[in-house]
Amino acid sequence: MNRNILNLMETPLVQGNLAQVNLYFEEIIGSDTGWQLAITELRRKEDDLSDQNKFFCWRVVEHFVKTRYTYTQMNSVQIKYTQMRDFLRDERFPLMKNFLLQWLNDMSISAKEESSFLRNKAAQVFSLVFIVDFPRRWQSFLFDFLQTLKLGPKAVDFYLRVLKAIDSEVVEREIPHSNEEANRNTLIKDTIRETCIEPLFSSWYENPHSKEEALVNSWYEICVKYEMSDSRLVSECLCVICAYMSWIDISLFANEHFYTLFVRFMKDQHLRESTCDCLCEIVAKGMDSSAKVKLIESLYSLLHGAGVFLIDNEEDSDYLCKLGKLINTMGVQLAVSWTRHGLNRRFGVWRTVAKDATVALDALENKLPIISTFFGNGDDNVSASVLECINEYIIILKQKYLLSSVDRQNLESLISINFEKMKYDRSYNFENDGDEEAQFLEFRIQLKKLYVNIASLDKNLILSRTQQLVTSTWENRQTCEFQDAELALTCLYELGEPAEVRAMVIIATYGGSALEDMVRTMVKFGVTGGISPICDMHHVVQLQFFEVVVRYDQLFLRFPYSNYIPGLMLAFLGVLNGSNYEDKPERTESHLPREARSRVCYLLSQFVRAVKACLSVIPSDLYHELSLSEFCVLAHKLREEFLDINSSLHLSTDVRYIYEAATTFIINGSLDHRIQIVMMDFLLNHDMDAFKTVLDQVQREAEPDIVALDKVAAHSVNAFTWCSEAFSNRLEMRVVGPECETPHSALFVQALEIFVKFAEIPTVLPEFQGALRRYCHRLVFCLDKDILQFMPAISKTLLRSRDATSLSENWFLINQMTSKFKKDIIPFLNAAFQPIVGAIFAALAPPVEEDEEIRLERQTLQRSYFSFIAAVCGNHLVEVLLSQDPNIMQQVLMSIIQGATELNDPMAQKGCYSILKKLVELWGNNGPPGFVEFLYKQIVPACFLGPLRKTFDLSDAQTVVALNEASACLKLIYDQRGEEAVTFLQSQYLPSLDLPAQKILEFCQALRMEAKLFKQFLKAFFLEAKR
């Protein structure tokens, strides 16, 4: 090899060195003798080859073994005689074998130890050779390896590395394998079982001093020999045992010799974790259920007698997690055995099976005290290690007809531990969540699921325990820690998860319940007095308090719980007005952080909407105070914070919830209509004043700050949109009171007039246009036809933005209005149709770019355009098309033909065929002049040309839907035009496609069939045509 180039690997960062090495590597691996040069370098005994150079050589050998050392067909189980002969006579095999064994011997006796990464790469090469040559060409591979173990720890270490590499290539289930590779791996495992394990293992125990060694024997000897001198080697050996145990006879490990070894290792701090993994593999090994129970019981008795399960909380947490995994595996396997016995019992095997099931369940219950000890450990990772077993136990109890007193005691113990584990730790950092906090929250989710599972098992027990927790905590709220208060609220909240408990909310409507009592206790002590106590509590308690209120909001719709609504409203608003978005060091624990405050804003909106029918219970003076002093002030404060140039984007959502909640609160309370109008005006006057200021600045200043003004203008429009969410329909917004003849709609109409005036400025403001579009969407519902008078100006404004995304969003608005107003929108469409369509054609005119995002935007615009034309035709508004200039109409019709035949978008094609079908239905017999000619020259060919395209994939479901629309269109043409259409197809169009006369006749006959049969025929017709 070229040593000069290899030496460049010592300085890979020097410009050009790495490129030269890579080029040389490609040259070497492309050579037939490159691998021989590499092994020659690796055989050198002079210590002048660096680790980087050795790694380079091993990569060359690895590439050769992967690509040239064997043929693909040699992986097959069935090999022809000639192939096998050539394979066995391959002259490269002895050269490779001699090199590997010689390198292994030299490495084992060398005074210098090879780097770990080199040994790993060499082990990988050994394993690749193994899967090629074993068992056909190198049957003694493993035995040759075993002979080297006497060379010392280096040989043993490499032996274990190779075994792990073989496991990765042959056994690893996470690596996908082809069928040939799977067959090869099966052959390798079967051969190892037959020749390297079973025949020799018995003789090993009959004669422990025998020199004849096999795999399992070698592992046992390594563990015994290096137990005291090299615990790392023993640990590596235990890892190998874990890997191979899944496909080796379990009796080779589940015996006195290995058990004695394992028990001894469980007392060694360096070996006990690896030993736990081995024992887990033994327990999880697949076998008969009865045998599995006996195996677990014998192993458990052995470990328990040795004091393994007498744990101390001060023990290393990693070891306790491993030990917890072991006891968890035992419990899970016992639960699986119980389930299998239960299933067998259904098929008539009664006595024996019932007894076996009882034995399995008794064994599981006997281990619950130890499982509970692990579950209650102070380390959450240790607790999490046994959660699967506990959940399996709960599943078993759900299948029992009646719970015994022992079962209830076990549940009581689990509930108590679960309560304690769910509490926030004192060290939890609420200000800056780190990895530990994230892990606890993930663990808490699992604990909540366990709580819900227990609740679905025994709702009376969980209700009783939770009620004790809630009552004792909230009655002593002034002295209890906030962690306890939050836990009580969390448990009360989670009670609403199981279906059986949710039903109790409905039952509570007709009488008292424990759930009702808990909610009443919480609210009573949380919002009593002029100032709600909840406002002074920790923010996690505040958030969970409001979560519970909203979850059980239906309770507050009836007396006497509706009397708590005023206090709850004060609590919501007091907490929100007392918090601060700015994360300042002096912020107290009762001030909500950003994320929590956003959630409370949402919960307030949901609560107000849920109880709006009962808001009249709030006295007028308090209602007035809440509306002006609390809701409006909060809305204005959030508005100012949002308009801050450095504000977070999520503040927009918070402001939206508050505006919506404030409007809902104002219009559904005990205030008379005149005061409601005043309140609404006060709520929105800041936004309207700000909008007028922006309008004045844009008109007066030569170079205004467009970005800042756009944000203010958009927010002002959004404020009115959010407030309109409180009105579900036109009647609600137009309602008037006896003292005031002004409807709420007047405020929104007046605002729209001002917004439209602002829209006339020449500057394009993207945020404002989006906000105006959303406002119009809402007013379509709330103002109904009153909005039509503003549409010409609105449409003109929205069309200023010519990008595909904005135009697509405009179409959604126009389609909504077309579907809702139908004939009433004709005057607007007659005037606006040409500018709208012109803007679409202009946006689609540039050539298609390769950018995926731009392509998707164009596709969305095309679909929106076809949806609009479909809405015009589907709502009997085709007179809009007829009123247009003939050239425009022709352009529109041809765009539909092009969409059906040229687009590679099945959804758009389906829409185009639907439009053509509708036009045929409307104009097929009595259409405008020239339509019949258009039908035969354009529509009929389109129904063929689209499906005949190579990109029209009939194996795709959406494409088949488009084909069905084309089929329906052809069928409708026949229904409308009769035999005239058949004559055209038979004499003119189908012959132009070079179809045989017989196929033309079959098609015309199928066209006369029922629509369903013709649809099936057409699909078969195009499938055959494509072939």
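The rules we used
- The residue numbering used here restarts from 1 in each chain and proceeds along that chain's sequence as written.
- Where local features are concerned, this predicted model is filtered to residues with pLDDT of at least 70; where side-chain atom pairs are given and counted, the filter is 80 or more; whole-chain, interface and lining totals use all residues.
- Side-chain measures were taken over the full set of non-hydrogen atoms in the model, leaving aside hydrogen atoms and water.
- We call a set of buried Ala, Val, Leu, Ile, Met, Phe, Trp, Tyr and Cys residues a nonpolar core when their side-chain atoms join them within 4.5 Å.
- Exposure is judged per residue with a 1.4 Å probe applied to protein chains only, and the accessible area is read against the type maximum: over 50% gives exposed, under 20% gives buried, and values in between give partly exposed.
- The numbering of helices and of strands both runs from the N terminus, where a helix is a DSSP run of H or I of at least 4 residues and a strand a run of E of at least 2.
- Cysteine sulfurs are considered disulfide-paired once they come within 2.5 Å of each other.
- Neither His nor the chain ends is counted toward charge; the positive residues are Lys and Arg and the negative residues Asp and Glu.
- We count a salt bridge whenever a side-chain nitrogen from Lys or Arg sits within 4 Å of a carboxyl oxygen from Asp or Glu.
- To estimate how far a helix should reach, multiply one less than its number of residues by 1.5 Å.
- Here a polar contact is taken to be a pair of N or O atoms separated by no more than 3.5 Å, where protein atoms must pair a possible hydrogen donor with a possible acceptor and residues adjacent in sequence count only if both atoms sit in side chains.
- Between N-to-C directions, angles span 0 to 180 degrees; the directions come from axes that are lines fitted to C-alpha atoms, helices contributing only their stretch in contact.
- Angles are sorted into four bins: roughly parallel if under 35 degrees, roughly antiparallel if over 145, roughly perpendicular if 65 to 115, and oblique for all others.
- Note: crossing handedness is left-handed where the near helix turns anticlockwise from the far helix by less than a right angle, and right-handed where it turns clockwise.
- Residue contacts are counted whenever heavy atoms from the two residues lie within 4.5 Å of one another.
- Any residue that is not Ala, Val, Leu, Ile, Met, Phe, Trp, Tyr, Cys, Pro, Asp, Glu, Lys or Arg is counted as polar, Gly included; the first ten are nonpolar and the last four charged.

### Remarks on the nonpolar core
- Counting residues in each nonpolar core, the largest one holds 348 residues, and the members touching the most others are W219 and W474.
- No other element matches the 11 residues that helix α39 (residues 826-844) contributes to this core.

### What about the state of the cysteines?
- Going through the model one piece at a time under the given rule, you end up with 0 disulfides.
- Here C276 stays unpaired: no disulfide links it, and the sulfur of C280, its closest cysteine neighbor, is 6.6 Å away.

### Regarding the side chain of D144
- Positionally, D144 belongs in helix α8 (residues 141-146).
- Of the side chains bearing the opposite charge, K97 lies closest to the buried D144, which forms no salt bridge; the N-O distance is 4.2 Å.

### Some thoughts on helix α26 (residues 514-527)
- When the terminal C-alpha atoms of α26 are compared, their 20 Å separation across 14 residues agrees well with the 20 Å that a helix rising 1.5 Å per residue should span.
- Within α26, 10 of the 14 residues are buried, which leaves it mostly tucked inside the rest of the structure.
- Those residues of α26 not exposed but buried are L515, E516, M518, V519, T521, M522, V523, F525, G526 and V527.

### Overview of the environment of N476
- Take N476: it is sitting in the loop between α23 (459-475) and α24 (482-494).
- Residue classification places N476 among the partly exposed positions, given a relative accessible area of 41%.
- Along the backbone, N476 and F525 are 49 residues apart, and their C-alpha atoms lie at a distance of 9.5 Å.
- Within the structure, N476 has its side chain in polar contact with the backbone oxygen of S472 (distance 2.7 Å).

### Comments concerning the packing of helix α30 (residues 620-643) against helix α32 (residues 673-700)
- Where α30 meets α32, the closest approach of the two axes is 11 Å, and the angle between their N-to-C directions is 15°. Compared by their axis directions, α30 and α32 come out roughly parallel. Here α30 and α32 pass one another in a crossing that is right-handed. Between α30 and α32, the residues in contact are H624, S627, L628, C632, A635, H636 and R639 and I675, M679, F682, L683, N685, H686, D687 and A690, respectively.
- For the contact of α30 with α32, the per-class residue count stands at 8 nonpolar, 5 polar and 2 charged.

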